[in-house]
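# Coordinates in review
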Amino acid sequence: MGKLENLIPPPVVAALVAALMWWLSGLPPAWPWPAGERTALVLALVALGLAFDLSGLLVFLRQRTTINPLRPHRASSLATAGVYRITRNPMYVGLCCLLLAWAVHLWSPWALAGPLLFVAYITRFQIVPEERALEALFGEQYRAYRARVRRWL
């Protein structure tokens, strides 16, 4: 199982989960709720997801640290400003919001499993290895940050 750690880029994981959600949404039972009434919720979740993603990316770019999630050991600084005061993983929170928007759009009970699957996979195979790398790089500074800011929300 350790071979999956930092192997698949998180956006690719999200795209694979989204495809699985689409496939599963064709299975019964179907939930009745007119698409027009769901649109506002979908748009709000997309906006929230993009806000988290872009905010996290901007902090990384300002700090001139790596944005490559497959190489956390190359981080040159610890991001703790901006959206990183709310969550240690804003870009993953953003992807999860986008998957939630997709689940609402598909409106199937099976599609709702997608964001949960994403969170479980990303936590185990992306976040936990990143946390090990950041602790090795930044030691007490990272431990103090981890103690005051939640992993997700």
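Just so it is clear, the model here is predicted, and its values are computed rather than measured. (Residues numbered from 1 in each chain as written. Predicted model: local features only at pLDDT ≥ 70, side-chain atom pairs only at ≥ 80, totals over all residues. Heavy atoms only, no water.)

## Considerations on the packing of helix 2 (residues 35-63) against helix 3 (residues 90-106)
The test is simple: Note on geometry: axes are lines fitted to C-alpha atoms, helical ones only across the stretch in contact, with angles between N-to-C directions running from 0 to 180 degrees. For helices the rule is a DSSP run of H or I covering at least 4 residues; for strands it is a run of E covering at least 2, with both sets numbered from the N terminus onward. Orientation is classified from the angle alone, with under 35 degrees giving roughly parallel, over 145 giving roughly antiparallel, 65 to 115 giving roughly perpendicular, and any other angle giving oblique. Two helices cross in a left-handed way if the nearer one is turned anticlockwise from the farther one by less than a right angle. They cross in a right-handed way if the turn is clockwise. Charged means Asp, Glu, Lys or Arg here, nonpolar means Ala, Val, Leu, Ile, Met, Phe, Trp, Tyr, Cys or Pro, and polar covers whatever is left, Gly included.
One way to put it is that helix 2 packs onto helix 3 with a least axis distance of 7 Å and a crossing angle of 165 degrees. When the interaxial angle is binned, helix 2 and helix 3 end up roughly antiparallel. Like other packed secondary-structure pairs, helix 2 and helix 3 cross with a definite hand, here left-handed. When the residues that make up the contact of helix 2 with helix 3 are grouped by side-chain class, the tally is 18 nonpolar, four polar and two charged.

## Description of a nonpolar patch on the surface
Counted only if it meets this: To count toward a patch, a residue needs a relative accessible area over 30% and no salt bridge; like charges are then connected within 9 Å, while nonpolar side chains (Val, Leu, Ile, Met, Phe, Trp, Tyr) are connected within 5 Å. For every accessible area listed, the method is Shrake-Rupley and the probe measures 1.4 Å; residues are considered covered only by the protein chains on display. Any Lys or Arg side-chain nitrogen located within 4 Å of an Asp or Glu carboxyl oxygen qualifies as a salt bridge. Each residue's exposure class comes from its accessible area (1.4 Å probe, protein chains only) as a fraction of the maximum for that residue type: buried when under 20%, exposed when over 50%, partly exposed otherwise.
A surface patch of nonpolar side chains, amounting to about 650 Å² of accessible area, comprises Leu20, Trp22, Trp23, Leu27, Trp110 and Leu117. It is helix 1 (residues 10-24) that contributes the most residues to the nonpolar patch, three residues altogether. Position of Leu27 relative to the elements: it lies in the loop between helix 1 and helix 2. Among the residues examined, Leu27 registers a relative accessible area of 34% and is labelled partly exposed.

## Section: the pattern of salt bridges
According to the stated counting rule, one finds seven salt bridges in the structure shown. For the salt bridge of Glu5 with Arg124, the shortest nitrogen-to-oxygen distance reads 2.6 Å. Of the two residues, Glu5 is situated in the segment before helix 1 and Arg124 in helix 4 (residues 113-148); the sequence distance between them amounts to 119 residues. Ionic pairing is found between Arg151 and Glu131, a salt bridge with its closest N-O pair at 2.7 Å. On the criterion of sequence distance, the pair formed by Arg151 in the segment after helix 4 and Glu131 in helix 4 is long-range, its members being 20 residues apart. Overall, Arg151 belongs to the partly exposed group, its relative accessible area being 28%.

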